[in-house]
Amino acid sequence: MERVVEILREILEIPSPTGYTKEVLAHIEKKLDEAGIKTRYTNKGALLAYNHPEPELVIAGHVDTLGAMVKGILPDGHLSFTKIGGLLLPTFEGEYCTIITRSGKRYRGTLLLKNPSVHVNRDAGKKERKEENMYIRLDAEVEKKEDTEKLGIRPGDFIAFDPKFEYVNGFVKAHFLDDKASVAVMIDLLLELADELEKLPVAFFFSPYEEVGHGGSAGYPSTTKELLVVDMGVVGEGVYGKETAVSIAAKDSSGPYDYEMTTKLIELAEKNDIPHVVDVFPYYGSDGSAALRAGWDFRVALIGPGVHASHGMERTHVKGLLATKELIRAYIGDKFGV
């Protein structure tokens with residue numbers, strides 16, 4: 001197994017729905033610290049990693065994932081929920097999950113349609129999969145609301161779904177490859193560059209709020225001139241993305257990305273024979289979009305490994321991960337002569 005895939009497996013196993021990313025960030029912080037890479041947190045909770053005193057290029061990816069939150073306790077003791085991010089509910093139906101209470105207790109559960117048994121509900125297959133028609137079946141002996149309250153579960157507790165990681169024939173299958181696939185690439189590259197970071201004006205930014213739209217809006221070093229966002233490349237009808245390649249986004253729903261940066265990335269991919277596509281994403285925004293809306297005065301480009309079935313049971317390939325890492329390294333090398 002390539003190191004980048006092992007890193008990906010590790011971070012996928014750490015729950016990090018948007019708003020509850022402290023565990024995965026602590027894991028990354030420890031891993032980088034052991035390699036001699038300096039880190040610091042922004043006030044908002046993003047993790048920055050760099051050894052140069054004045055970074056000009058920031059590489060950004062987001063550690064937060066889709067998930068849910070307890071909305072209420074139902075009369076039978078089980079849980080209603082509200083989505084965090086664009087969770088594709090039909091894909092997550094039947095998935096196991098962990099309820100993380102504010103006191104640190106954890107309970108297991110399953111996302112199900114209300115009245116899910118076909119032996120009593122002939123319309124089970126016809127019901128629309130939406131929040132009001134679904135619930136979290138709690139794996140605890142509860143019969144009424146008070147039973148669940150005694151467990152310490154309350155509205156506002158986080159719900160993290162199992163990633164279901166599998167690695168087969170070079171393919172990585174899991175929930176939450178958006179954007180942990182890119183984060184794994186960033187960590188792998190950081191470890192490779194550890195001995196060179198003092199002379200490289202490059203910082204790595206691990207964002208905790210991308211899935212809700214404001215992760216990249218603040219916290220960059222004041223010396224930043226360029227932001228290279230590493231997020232998933234779209235694979236599907238009407239786009240050119242491949243799981244075995246890196247996607248270079250010319251435009252998404254927030255508008256075009258920086259012309260010079262994007263052109264340079266294309267040129268470097270062609271020059272170095274890196275498997276790639278240039279694409280336009282119709283329903284997509286990124287931490288780069290958030291940074292530009294927030295008024296930051298730097299150039300922004302976006303790349304990432306191709307990910308199939310985004311916001312559902314996702315899949316990418318180790319070739320796409322390595323192509324992404326190779327393109328980032330080529331960009332750093334071209335820019336700073338290393």
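Residues numbered from 1 in each chain as written. Predicted model: local features only at pLDDT ≥ 70, side-chain atom pairs only at ≥ 80, totals over all residues. Heavy atoms only, no water.

So, the layout of surface pockets
Working step 1: In this model, the largest pocket occupies a volume close to 410 Å³.
Working step 2: Along the walls of the largest pocket sit 25 residues, with Met232, Val234, Tyr283, Tyr284 and Ser310 positioned nearest its centre.
Working step 3: Broken down by secondary-structure element, the contributors of at least two residues to the lining of the largest pocket are strand S14 (233-235) and helix H7 (287-293).
Working step 4: Broken down by element, the lining of the largest pocket gets its largest block of residues, 3 residues, from H7.
Working step 5: Partitioning the lining of the largest pocket into residue classes produces 10 nonpolar, 9 polar and 6 charged. (1 Å grid on protein atoms, 1.4 Å probe; cavity = no way out; pocket = protein on both sides within 12 Å on 5 of 7 lines; lining within 4 Å. Points joined across faces, edges and corners; volume = space filled by probe spheres on them. Helix = DSSP H or I, 4+ residues; strand = E, 2+ residues; numbered from the N terminus. Nonpolar A, V, L, I, M, F, W, Y, C, P; charged D, E, K, R; others polar.)

Description of the nonpolar core
Working step 1: Residues Ile99, Phe206 and Leu228 are the most contacted members of the largest nonpolar core, which totals 99 residues.
Working step 2: With 11 residues, helix H5 (residues 177-193) is the largest single contributor of residues to this core.
Working step 3: Residues within four places of Phe206 in sequence aside, it is in contact with Leu25, Ile28, Leu32, Ala46, Leu47, Ala49, Gly61, Val63, Val183, Met186, Ile187 and Leu190.
Working step 4: Residues Tyr20, Ile84, Ile100 and Phe158 belong to the second largest nonpolar core, which totals 5 residues. (Core = buried A, V, L, I, M, F, W, Y, C linked by side-chain atoms within 4.5 Å. Buried < 20%, exposed > 50% of the residue type's maximum accessible area, 1.4 Å probe, protein only. Contact = heavy atoms within 4.5 Å.)

So, the UniProt feature "active site" (unreviewed entry) in the protein chain
Working step 1: Cross-referencing UniProt, the feature "active site" (unreviewed entry) maps to Glu210 in the present numbering.
Working step 2: Tracing the backbone shows Glu210 in the loop between strand S12 (202-207) and strand S13 (226-230).
Working step 3: Assessed through its relative accessible area of 10%, Glu210 is described here as buried.
Working step 4: If near-sequence neighbours (up to four positions away) are discounted, Glu210 is found in contact with His62, Asp64, Gly215, Asp231, Gly285, Ser286 and Asp287.
Working step 5: Among the polar contacts made by the side chain of Glu210, one reaches the side chain of His62 at a distance of 3.1 Å. (UniProt positions renumbered as here; feature names shortened; annotations may be inferred. Polar contact = N/O pair within 3.5 Å; in protein donor to acceptor, adjacent residues only side chain to side chain.)

With respect to the packing of aromatic side chains
Working step 1: Taken as a whole and judged by the stated rule, the model has 8 aromatic pairs.
Working step 2: The interplanar angle of 40° and the centroid separation of 4.7 Å between the aromatic rings of Phe281 and Tyr284 together place this pair among those described as tilted.
Working step 3: For Phe281, a relative accessible area of 2% translates into the label buried.
Working step 4: Residue classification places Tyr284 among the buried residues on the basis of a relative accessible area of 8%. (Phe/Tyr/Trp six-rings, centres within 6.5 Å; stacked < 30°, edge-to-face > 60°.)

A look at the pattern of salt bridges
Working step 1: Per the counting criterion, the structure on display carries 24 salt bridges.
Working step 2: Its salt-bridge partner being Lys31, residue Glu10 comes within 3.2 Å of it at the nearest N-O pair. Of this pair, Glu10 sits in helix H1 (residues 3-12) while Lys31 is found in helix H2 (residues 22-34), placing the two residues 21 residues apart along the sequence.
Working step 3: According to the relative accessible area criterion, Lys31 is partly exposed, its value standing at 21%.
Working step 4: Among the ionic pairs, Arg329 bridges to Glu192, the shortest N-O distance being 2.8 Å. On the criterion of sequence distance, the pair formed by Arg329 in helix H8 (residues 318-336) and Glu192 in helix H5 is long-range, its members being 137 residues apart.
Working step 5: Given the relative accessible area of 34%, Glu192 is considered partly exposed. (Salt bridge = Lys/Arg side-chain N within 4 Å of Asp/Glu carboxyl O.)

Some remarks on helix H6 (residues 259-271)
Working step 1: Spanning 13 residues, H6 covers 18 Å between terminal C-alpha atoms, matching the ideal 18 Å at 1.5 Å per step.
Working step 2: Along H6, the residues classified as buried are Met261, Thr262, Leu265, Leu268 and Ala269. Projection of H6 onto a plane perpendicular to its axis shows the buried side chains occupying an angular sector of 125°, all on one side. Exposed side of H6, more than 90 degrees from the buried face: Tyr259, Glu270 and Lys271 are the residues found there.
Working step 3: Those residues of H6 hidden inside the fold are in contact with S13, strand S15 (246-252), strand S17 (276-280), strand S18 (299-308) and H8.
Working step 4: You can read the cap of H6 off the contacts: a side-chain oxygen lies 3.2 Å from the backbone nitrogen of Glu260, and it is on Asp258.
Working step 5: Just beyond H6, the residue with positive phi is Asp273, at close to 55°. (Expected span 1.5 Å × (residues − 1). Arc of directions from axis to C-beta.)

Let's talk about empty space enclosed by the protein
Working step 1: A complete count under the given rule lists 1 cavity of 30 Å³ or more for this structure.
Working step 2: Here the largest cavity defines a volume of roughly 50 Å³.
Working step 3: Around the largest cavity, the lining residues are Leu12, Ile14, Pro15, Ser16, Pro17, Thr65, Leu66, Ala160, Phe161, Phe176 and Lys180.
Working step 4: Split by residue class, the lining of the largest cavity holds 8 nonpolar, 2 polar and 1 charged.

What to know about the UniProt feature "binding site: Zn(2+) 2" (unreviewed entry) in the protein chain
Working step 1: Feature annotation in UniProt places "binding site: Zn(2+) 2" (unreviewed entry) on Asp178, Glu211 and His311, given in this structure's numbering. These annotated residues cover 134 residues of sequence, and their C-alpha atoms all fall within 10.5 Å of one another, placing them together at a single site. Restricting the annotated residues to those that line the largest pocket leaves Asp178, Glu211 and His311.
Working step 2: Among the structural elements, Asp178 can be located in helix H5.

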